[in-house]
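Commentary on secondary and tertiary structure
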Amino acid sequence: QVQLVESGGGLVQAGDSLRLSCTASGRTFGPYAYGWFRQAPGKDREFVADISKSGGSSDYADSVKGRFTLSRDNPKNTVYLQMNNLKPEDTAVYYCAADGDYFGSLYWEYDYWGQGIQVTVSS
């Protein structure tokens, strides 16, 4: 089992930056790929970004490409989602997910989830 805890959310203005963290505990951190998803009120959960087990590969949704960067620090059991030039449409609850086998944009394929953290961007 892996427990995931997100941190770093909050209320910011358009154009500001935030860095979300997702810290894992429980079973060993190394063999998992990670994804970030978000869900705005009344909308489906959508893919934001993912990163491979090695950290050598990552993918981003078109809506965040060029603004968000996902990285991982294996010794700290943490992945980071750096979000720059935030827009009001980025407002959502952001979720960190992990899986030992799957690496991609399909949220239902991930086995482990954090509780979610709110990001609100005012215009």
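Scroll up for the structure.
Here's a quick rundown of the structure. (Residues numbered from 1 in each chain as written. Predicted model: local features only at pLDDT ≥ 70, side-chain atom pairs only at ≥ 80, totals over all residues. Heavy atoms only, no water.)

A general feature of soluble globular proteins is that nonpolar side chains tend to end up buried together. If you look at the biggest cluster of nonpolar residues, it comprises 36 residues, and the most contacted ones within it are Leu4, Tyr34, Trp36, Leu81, Met83 and Tyr94. Only strand E1 (2-7), strand E3 (18-26), strand E4 (33-39), strand E5 (46-51), strand E7 (68-73), strand E8 (78-83), strand E9 (92-99) and strand E11 (117-122) provide two or more residues apiece to this core. Residue contributions to this core peak at five residues, all from E9. Excluding residues within four positions of it along the chain, Tyr94 makes contact with Glu6, Leu20, Trp36, Phe37, Arg38, Val48, Phe68, Leu81, Met83, Gly116, Ile117 and Val119. (Core = buried A, V, L, I, M, F, W, Y, C linked by side-chain atoms within 4.5 Å. Buried < 20%, exposed > 50% of the residue type's maximum accessible area, 1.4 Å probe, protein only. Helix = DSSP H or I, 4+ residues; strand = E, 2+ residues; numbered from the N terminus. Contact = heavy atoms within 4.5 Å.)

Following the sequence through the fold, Val121 ends up in strand E11. Residue classification places Val121 among the buried positions, given a relative accessible area of 6%. For Val121 and Trp108, which are 13 residues apart along the polypeptide, the C-alpha to C-alpha distance reads 27 Å. Ignoring sequence-local partners within four residues, the contact set of Val121 consists of Val12, Gln13, Ala14, Leu86, Lys87, Pro88, Asp90 and Thr91.

Our next topic: the state of the cysteines. As enumerated under the stated definition, the model contains one disulfide in all. For Cys22, the disulfide goes to Cys96, at an S-S distance of 2.1 Å. Here the disulfide of Cys22 and Cys96 is left-handed, its torsion about the S-S bond being about -75°. A residue pair is termed long-range when its members are at least 10 positions apart, and Cys22 in strand E3 and Cys96 in strand E9 qualify at 74 residues. (Disulfide = S-S within 2.5 Å.)

What follows covers the sheet that holds E3. Judged by pairing direction, the sheet is antiparallel, and its four strands sit side by side in the order E1-E3-E8-E7 without closing on themselves. Of all strands in the sheet, those bounded by a partner on one side alone are E1 and E7. With strand direction ignored, the average angle separating the axes of adjacent strands in the sheet is 15°. Judged from the six bridges that link them, E7 and E8 form a sheet pairing that is antiparallel. Across the sheet, the residue bridging to Asp73 is Thr78, located in E8. (Pairing = 2+ DSSP bridges. Axes fitted to C-alpha atoms, helices over the stretch in contact; angles between N-to-C directions.)

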